[in-house]
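Residue-level listing of the chains:
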Amino acid sequence: ILGRADLATGTLAADAPGRAYLEKPRATVRRAADLTQQLLTYAGRSPVAMRPLDLGHVVRETLSRVELSIAKRNVLHVDLAPDLPELEGDPEQLARVVLELVNNAAEVLGDEAGRIAVRTSVIALGPDELAHCVIREGIEPGRFVCLEVADTGRGCDAATQSRVFDPFF
């Protein structure tokens, strides 16, 4: 489908009205391919490309793509800490997390004007702080690179919070 849509797009002039009709199936196919890749990764059938990366770079790059999709009535505030330590991760997966968190924040705000804040930092977590973490198995106290996305929306109830890391919730 994507190949045929690309071929059709290539035959049209840049200002042809038909181009808009081809974008929807192209976007849908890309989303389906992305979802399939996520499912394969979750099932352990697709390798995760772990490598050293700069969280600030991944966040900046992702936000440059998502800023235009946030309603103009919402303010996106970005506060990226300089000189964050590198972390091991899959940049594609991390970009997807940033994208989903920001999109979710924008969705929660709905028609209301609001603020979405994206922040990176280094935090120290001791045993007391780790006791309150949802995922704490195998994590030792220490310093961690932190990504924080907050919005002025209504928030999640306790039942939703308890399932936030369920893969298909």
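The notes below deal with the structure included here. (Residues numbered from 1 in each chain as written. Predicted model: local features only at pLDDT ≥ 70, side-chain atom pairs only at ≥ 80, totals over all residues. Heavy atoms only, no water.)

### Describing the overall build of the chain
At step 1: Scanning the chain for helices and strands turns up 6 helices and 5 strands.
At step 2: Along the chain, helices (α) and strands (β) appear in the sequence α-α-β-α-β-β-α-β-α-β-α when read from the amino end.
At step 3: Overall, the chain is about 60 × 40 × 35 Å in size when its C-alpha atoms are taken along their principal axes.
At step 4: Counting the 169 residues in the chain, one finds 24% classified as buried.
At step 5: In the chain, of all internal contacts separated by at least 6 residues, the share reaching a separation of at least 24 is 71%.
At step 6: A total accessible area of about 12,100 Å² is found for the chain, and carbon and sulfur atoms account for 55% of it. (Helix = DSSP H or I, 4+ residues; strand = E, 2+ residues; numbered from the N terminus. Buried < 20%, exposed > 50% of the residue type's maximum accessible area, 1.4 Å probe, protein only. Contact = heavy atoms within 4.5 Å. Areas by Shrake-Rupley, 256 points an atom, 1.4 Å probe, with all protein chains shown as cover.)

### Focus on the nonpolar core
At step 1: Membership of the largest hydrophobic core comes to 19 residues, with the highest contact counts inside it found for Val-59, Leu-63, Leu-76, Val-102, Ile-116 and Val-118.
At step 2: Of all the elements in the fold, those that place two or more residues in this core are helix H3 (55-66), helix H4 (91-109) and strand S4 (115-125).
At step 3: With 7 residues, H4 is the single largest residue contributor to this core.
At step 4: Once residues within four sequence positions are removed from consideration, Val-118 is found in contact with Val-59, Leu-63, Leu-76, His-77, Val-78, Asp-79, Val-102, Leu-147, Glu-148 and Val-149. (Core = buried A, V, L, I, M, F, W, Y, C linked by side-chain atoms within 4.5 Å.)

### Describing a nonpolar patch on the surface
At step 1: Side chains of Val-134, Ile-135, Ile-139, Val-164 and Phe-165 sit close together on the surface and give an oily, nonpolar patch of about 470 Å² of accessible area.
At step 2: Note on placement: Ile-139 falls in the loop between helix H5 (127-130) and strand S5 (142-151).
At step 3: Taking the relative accessible area as the measure of exposure, Ile-139 reaches 32% and is therefore partly exposed. (Patch = residues over 30% accessible without salt bridge, like charges linked within 9 Å, V, L, I, M, F, W, Y side chains within 5 Å. Salt bridge = Lys/Arg side-chain N within 4 Å of Asp/Glu carboxyl O.)

### Some remarks on the sheet that holds S5
Hydrogen bonds between backbone atoms are what pair the strands of a sheet, whose relative direction is either parallel or antiparallel.
At step 1: The 3 strands are arranged S2-S4-S5 in an open sheet whose pairing can be described as mixed. The strands lining the two open edges of the sheet, one partner per strand, are strand S2 (75-79) and S5. The sheet shows a mean angle of 20 degrees between the axes of neighbouring strands, direction not considered.
At step 2: The pairing of S2 with S4 spans 5 bridges and is parallel. In the sheet register, Val-75 faces S4, and the bridge partner there is Arg-115. (Pairing = 2+ DSSP bridges. Axes fitted to C-alpha atoms, helices over the stretch in contact; angles between N-to-C directions.)

### Structural notes on unusual backbone geometry
At step 1: The backbone of Asp-83 sits at a positive phi, close to 55 degrees, despite the residue not being glycine.
At step 2: One can find Asp-83 in the loop between S2 and strand S3 (87-89).

### With respect to the state of the cysteines
At step 1: Scanning all chains against the criterion turns up 0 disulfides.
At step 2: Here Cys-146 is not disulfide-linked; the sulfur of Cys-133 is the nearest cysteine sulfur, at 9.9 Å.
At step 3: Its relative accessible area of 17% is what places Cys-146 among the buried residues.
At step 4: In this structure Cys-156 is a free cysteine whose sulfur lies 17 Å from that of Cys-146, the closest cysteine sulfur available. (Disulfide = S-S within 2.5 Å.)

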